[in-house]
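For reference, the chains in residue letters:
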Amino acid sequence: MSRTSACLHRLWLSLALLLPFAAFAGNPSVALFYGNDLPWDELRAYDIVVVEPGHVADPKPHSDERSSLFAYVAVGEASADRPYLKDMPDAWKLGENKDWGSVVIDQAQPEWPAFFVEHLVKPLWDAGYRGFFLDTLDSFHLIAKTDAERARQQAGLAAAIRALKQRYPQARLIFNRGFEILPQVHDLAYAVAAESLYQGWDPARQQYRAVPAADREWLLGQLKHVKNDYGLHVISIDYVPPEKRELARKTAAAIRAQGFIPWVSTPQLDMLGVGEVEVMPRKVLMVRNTGRNEYDLIETSALKYAAMPLNYLGYAVDYADARKPLPDHALIGRYAGIVVWLDQAARAEGPALIAWLERQIKEGVPVALIGEAAFLLDSGKAERFGLRYTPSAAERTTLRITHQDALVGFETPPVFDRSGFFTLQAQGGQPLLTVTNAQGESQDGIALTPWGGYALNPYVLVDLPSFAGSIRKEDGGMRMRWVINPIEFLRQALHLPQMPVPVTTTESGRRLLMMHMDGDGFVSRGQFPGAPYAGEVLLQEVLKKYPLPATISVIQGEIAPDGLYPDQSPALEKVAREIFELPHVEIASHSFSHPFIWQKASNNPQDEGYHLKIPDYDFDLRREIAGSIDYIDRRLAPPGKKAQVMLWTGDCNVGSDALRMASVLGLESMNGGETLISRTDPSLTLVSPLGIPKGDYFQVYAPNQNENVYTQNWTGPFYGFERVIETFEMTETPYRLKPIDIYFHTYSASKPASLKALQKVIEWAQVPETMTVHISEYVRKVHDFNHLVIARTPDGWLVRGRGELRELRAPLTLGYPALGDDSIAGFRRNQNDQYLHLADNEARIRFSPKAAAQPFLHSANARVARAQHLRSGQGSTLVLSLHGYLPLKFVLGGVDDRRCTMTADGRAIRPDRKVEDGLHFSLRERDIDELRIECTQ
C-alpha cells in the first residue's frame, strides 16, 4: 500500500478477476492477501482478491465469474527483487525509500509509460490477470520537493496509467490513494483504496493503534469525495490484532456504514480478515505424530475416529504432523479449530507443539486436545493453559465419579486407570467428567475450557472384550467404543457456530441412494440352472429387474483376451457390453490386475503376490488405470458412452500417484473406508470419514462396505449382506451420517443366498424417500464439500461452491429460510435441523422467525436445476426445473389446491395426496423443464 503511510509495502496482494461493474449489487466484496500460502477455497467468498503475483504460480484456475484476481503492481517504487529493475536506466532511479530498501522511480521520464506497460503489466496480463492494484502512487513525494517537480511526477503517473488502459482497455484498476492524480485519471479507475480509517498500525512503535480523530476526518473527506463526486468504489483497509476478532468485526461494520468496502486484517496482509463478508472457516486442522508417509495416515486415530464427526458437523479436515514444522502463518479465519490427537508420546516435538498451541490460542483459534497429553502436563506449562496439574501419586487408590455430564457415557461408561491417576483441574473451565480418589483428590478427565477443551485417556475410547455376533470375526469383534459423544464434544470444544453447513448425504431434502459394483467374480459360474456367468445373472436378476442408477465395473484381467481366461473372453465381453448398454448403468474400471496392496505392488512390481497372477505381467500403474479405461472404452462401451469412474481394489490404500493419474484422465474415483456399524457393533468408531487426503489429492471413501465383509470374506453366511440394512438404518438416525450405497461384487450374483440378500437390500432401499445418483455424482459432491466456502454477510450467509453439492443443513434455531433468492428452491424441516435445497453454485441465505407465505419445494427425488420465486400483489409464483433418473415424486410446501394451480411443462397436474408437509405429486416424467406453481393470496 502507500509508502507514506508505511503499512503495506511488500507487494500488494490479492486476487480477483474483476467482474463488470454492473454485475455487483451494491459494493463488491474485496480481500487482500499477499502471503505465500493462499487459502484459495476461502478466498473464493470474495468478488475481488488482491494478491502478490510472485506468490501465485498460475492465476487462471482461481478466477471465474464469481471471484476475480487482481495483481499487486508497485508503480512509484521498485524493490530489489523485481526482475525489471535491472533493465531500468540508472537515470530513472532518483531516490530510495530507506524504510523498505526500494528505489523511487522518476515518473517524469518520457519512456516510463511504455516501460511500465511492457515490463510491469504485460507479464501479468499474459499470465491471466485482468485487474491490477496500483500501489505507491504517492512515492514521488520522497523526491519531488517543489510544486513544479510534483506536477511533473503527477503528469508522468497519469501518463503511465493512460498507457496501461490504452494497451489493455478491459483492465480494471484499483488505485491505492493517488488522490493528487484522480482529477486527471479518475475515469480510468474501478476503485480507490486507502489504509487506516479507524484502526491502524504504527510502524515506528510496531504496535496497533486507533486512528486519531483529525486523521480520520481528513481521510474520510477524501474518500467521500471519491465516492460521491467520482462515483467510484472505495476500499478502506484497517489493521487489528488477530486475537481481536470482535474489534475487526466492529471496525468492518463502521467502514460499511460509511458506504465503503471494508477489509480488516493485519499489516502483513497474510491473514483472512473481515470484509464486506466474513468467511466462516469450514476446515479443521488435525495434528498427529505417527505415520511415515501418505499410506500410513489411514491408521491414525485422528483420521479413523475424529474426522467423521467433523465431516458430519460440516467441516473438512487438513492434517499436520507434529514432528514437522507446523504452519507459521495466522490460522484465525482459515481454520475453525485445531484437534490434537497424538497416537504416541511426544518426544522432541513436544516443546514446539506447546509453543505453537499457545500462539494459536492467543490468536483465538479453538483447540481440542484428545487422548495423549503428557507432552503438555509434564512440561511445567500446564498453568498457561489454565490447568492445575499434579503428577501421579505412587500408591493406587479407589476411584469414583463425582461429576458426569450427559455427553459422557455415550457408548460405554468411563473406565478407570488407578495406576495412572493424577490430579487435574480445569480452572475457569467446565468439567464434563470428574474422577475423585479416596484421599479426595480430583481429576477433570474431560472438560471444556476457555480455549477449547480436552478429553484425556482413558476417558476417550474403550477397547471392549471380544464378543459374538460381530460382522468381522477375524478382527476379534468391533470393540472400540466412545466414552464421550464425539460429535457434541467437538461442536462445543471448537466453539462451532450455528450456521448452514454442506452435506453429502442428501439432496432436494431426500437421502441419497446409489449402487456400485466391484467387478470381482464376473467370470464365476452361478449356482443356477445352466451355470451362467455371475455377470449374466447380475444383468438379468439385478440390473434389468431394478433399473436404478448403478456404477458397474469390470476387471480387465478377468474378462479381456490378454487376461486370465482368454478362451472365455468373447462370452464375458459380450455380457459386459450388454450391461454397459443399459441407460441407467455408469461405466467404471476395477483395474487391470486387481492390486491387493497398492503400496507393495508399486514398490515390488515383479512380485505377483500383490495382484492377480496374469501371465507375463509386472505391475504398471498406467496399465492398471489408463490402460484398463482404454480397454473398456475401445472394446466394451457402446458408442457415445465412456468409462467415468475408477473403483480402487484390494486394500484401497492408493497413493497420490494413482489419484493424480485418475484425475488427469478426467475420471472420478472411489473406494476404501470401513463403515460397518451394526446392531451388534453399535459404535460411531465404525463409521468412516468422507475420505483421506493424499498429497494434493483426496481419495473419496465408499459410504459403506460391501458384502465381502458381511459374509466373513465370502466364507458365509452368504446371505450376510442383508445386514447392511442395519448399517443404513444406523447411519440415518439419530444422525444422518451417510447416504445409502448398495455396494457389492459380481460374485453376489453367483449364489442363491447372496443374490436373494442383494435383492432384499435393493427392495428395502426403494421404500424410504430417496434421491438416486451415480457414484461419479457422489464423488463430485464430496470434492465440492471439501472446497465449498460459507461467509457471513451483514444480513445472512453467502455460499459458493462448484455446483455439485446442492444441499445444506441448518439448525432450526436460525429460523425459516427466506425464499426471495432464486438460489434456494425450498427446505425440509426434520427434528432439530432443516435441509435447504440449492439451485445454483452460489446462494445468499437469510433466515426469518416466520415462514414466508409462498410456495416452496419440500422435497423431491430429482435435482433442482433452476428455481425462480416471483411475487406480486396478487400472490406468489414458484418456477422449478427438476431432473432425475426415476419417475418424478415431489412434495410442495406452502400450497393448497384451492388457491394454487400447478403445471408441468404447460400441463395441469394435481396432487396424489396431501401429506403432513404439503402436497405430494407423482408423475411419469423424469424431467420437467418448467414446473410452475402459481398461488393467489
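Being a predicted model, the structure only gives us computed values, none of them experimental.

Engineer: I'm lost on the overall build of the protein in this one. Help?
Structural biologist: Helix and strand content of the protein: 20 helices and 55 strands. Against the compact-globule benchmark of 30 Å for 937 residues, the protein has a radius of gyration of 31 Å, which places it among compact chains. Overall size of the protein, expressed as C-alpha extent along the three principal axes, is 105 × 80 × 70 Å. When the 937 residues of the protein are sorted by exposure, 61% land in the buried category.

Engineer: What should I look at first to understand the side chain of Gln199 in this one?
Structural biologist: Structurally, Gln199 can be placed in strand 10 (residues 199–202). Beyond its immediate chain neighbours, meaning those up to four positions away, Gln199 contacts Arg209, Ala210, Val211, Asp238, Tyr239, Val240, Leu247 and Thr251.

Engineer: What is the right way to read the sheet that holds strand 3 (residues 68–74) from this model?
Structural biologist: Strand order across the open sheet formed by nine strands is 1-2-3-7-8-9-12-13-14, with mixed pairing between neighbours. The two strands at the open ends of the sheet, each matched to only one other strand, are strand 1 (30–32) and strand 14 (274–275). Two strands pair when backbone bridges link them, and strand 8 (residues 172–176) and strand 9 (residues 191–195) are joined in this way by three bridges, in the parallel orientation. Residue pairing for strand 9: Phe175 is matched across the bridge by Val192. Strand contacts of helix 5 (residues 213–230): strand 9 and strand 12 (233–239), with the helix running at about 170° to strand 9, the strand carrying the most contacts. Helix-sheet contacts for helix 6 (residues 245–257) involve strand 12, strand 13 (261–265) and strand 14, and the interaxial angle to strand 13 is about 160°.

Engineer: Is there a simple way to think about the state of the cysteines in this case?
Structural biologist: Each disulfide consists of a covalent bond between the sulfur atoms of two cysteine residues. Counting across every chain of the model gives one disulfide. Here Cys900 is linked by a disulfide to Cys935, with a sulfur-sulfur distance of 2.1 Å. The chirality of the disulfide connecting Cys900 with Cys935 is right-handed, given an S-S dihedral of about 115°. Of the two residues, Cys900 sits in strand 51 (residues 900–904) while Cys935 sits in strand 55 (residues 927–936), which places them 35 residues apart along the sequence. Of the residues examined, Cys900 reaches a relative accessible area of 5% and is grouped as buried.

Engineer: What exactly am I supposed to notice about the sheet that holds strand 55 here?
Structural biologist: Backbone-to-backbone hydrogen bonds pair the strands of a sheet. The strands run either parallel or antiparallel. If you walk across this open sheet you meet the five strands as 48-49-55-51-52, and the pairing is antiparallel. Since the sheet does not close on itself, it has two edges, and those belong to strand 48 (863–872) and strand 52 (907–908), each with one partner. In this sheet, strand 55 lies alongside strand 49 (residues 875–883) in antiparallel orientation, the contact comprising eight bridges. From the neighbouring strand, Val879 faces strand 55, where its bridge partner is Arg932.

Engineer: Got a minute to help me understand the nonpolar core in this structure?
Structural biologist: Ranked by internal contacts, the top residues of the largest apolar core, which has 93 residues, are Tyr46, Trp112, Phe116, Phe132, Leu134, Ile174 and Phe175. Those residues within four positions of Trp112 in sequence are excluded, and the remaining contacts are Val75, Met88, Trp92, Ile105, Asp106, Gln107, Leu120, Gly156 and Ala160. Counting 90 residues, the second-largest nonpolar core is a separate cluster that includes Met280, Trp341, Ala493 and Ile677.

Engineer: Whenever I open this one, the pattern of salt bridges confuses me. Can you help?
Structural biologist: Pairing between side chains becomes possible if they bear opposite charge and their charged atoms approach one another. All chains considered together, the criterion is met by 49 salt bridges. For Glu278, the salt bridge identified is with Arg249, shortest N-O distance 2.8 Å. Separated by 29 residues along the polypeptide, Glu278 in strand 15 (residues 278–279) and Arg249 in helix 6 bring together distant segments of the chain. Of the charged contacts in the structure, one is a salt bridge between Arg844 and Glu842, with a shortest N-O distance of 3.8 Å. Among the residues examined, Arg844 registers a relative accessible area of 39% and is labelled partly exposed. One salt-bridge network, held together by shared partners, links Asp47, Arg66, Arg800, Asp840, Glu842 and Arg844.

Engineer: Explanation requested: the environment of Asn36 in the structure shown.
Structural biologist: Locating Asn36 in the fold gives a position in the loop between strand 1 and helix 1 (40–43). A relative accessible area of 63% means that Asn36 is categorised as exposed. Expressed as a C-alpha distance, the spacing of Asn36 and Glu52, which sit 16 residues apart in the sequence, is 8.3 Å.

Engineer: I keep staring at the pairing of strand 39 (residues 789–793) and nothing clicks. Help me out?
Structural biologist: Strand residues, when the strand is regular, have side chains that alternate between the two faces of the sheet. Of all five residues in strand 39, four are buried, a share of seventy percent or more. As judged from the two bridges shared by strand 15 and strand 39, these two strands associate in the antiparallel manner. Paired with Val279 across the bridge in strand 39 is Ala791. Examined bridge by bridge, strand 39 and strand 40 (residues 796–800) share five bridges and lie antiparallel to one another. If you follow Thr793 over to strand 40, its bridge partner there is Gly796. Linking two consecutive strands that pair antiparallel, namely strand 39 and strand 40, is a turn of two residues.

Engineer: Got a minute to help me understand the packing of helix 15 (residues 621–636) against helix 16 (residues 656–664) in this structure?
Structural biologist: Each pair of packed helices gets described by two things: the angle between the helix axes and the distance between those axes. Between helix 15 and helix 16, the least distance of the axes is 10 Å, while the angle of their chain directions is 25°. Relative to helix 16, the element helix 15 is oriented roughly parallel. For the pair helix 15 and helix 16, the sense of crossing is right-handed. Of the residues in helix 16, those touching helix 15 at Leu621, Arg622, Ile625 and Ala626 are Asp657, Ala658, Met661 and Ala662. Class assignment of the residues belonging to the contact of helix 15 with helix 16 gives a composition of six nonpolar, no polar and two charged.

Criteria and cut-off values
Residues numbered from 1 in each chain as written. Predicted model: local features only at pLDDT ≥ 70, side-chain atom pairs only at ≥ 80, totals over all residues. Heavy atoms only, no water. Helix = DSSP H or I, 4+ residues; strand = E, 2+ residues; numbered from the N terminus. Rg over C-alpha atoms; globule rule 2.2 N^0.38 Å. Buried < 20%, exposed > 50% of the residue type's maximum accessible area, 1.4 Å probe, protein only. Contact = heavy atoms within 4.5 Å. Pairing = 2+ DSSP bridges. Axes fitted to C-alpha atoms, helices over the stretch in contact; angles between N-to-C directions. Disulfide = S-S within 2.5 Å. Core = buried A, V, L, I, M, F, W, Y, C linked by side-chain atoms within 4.5 Å. Salt bridge = Lys/Arg side-chain N within 4 Å of Asp/Glu carboxyl O. Parallel < 35°, antiparallel > 145°, perpendicular 65-115°, else oblique. Left-handed = near helix turned anticlockwise from the far one by under 90°. Nonpolar A, V, L, I, M, F, W, Y, C, P; charged D, E, K, R; others polar.

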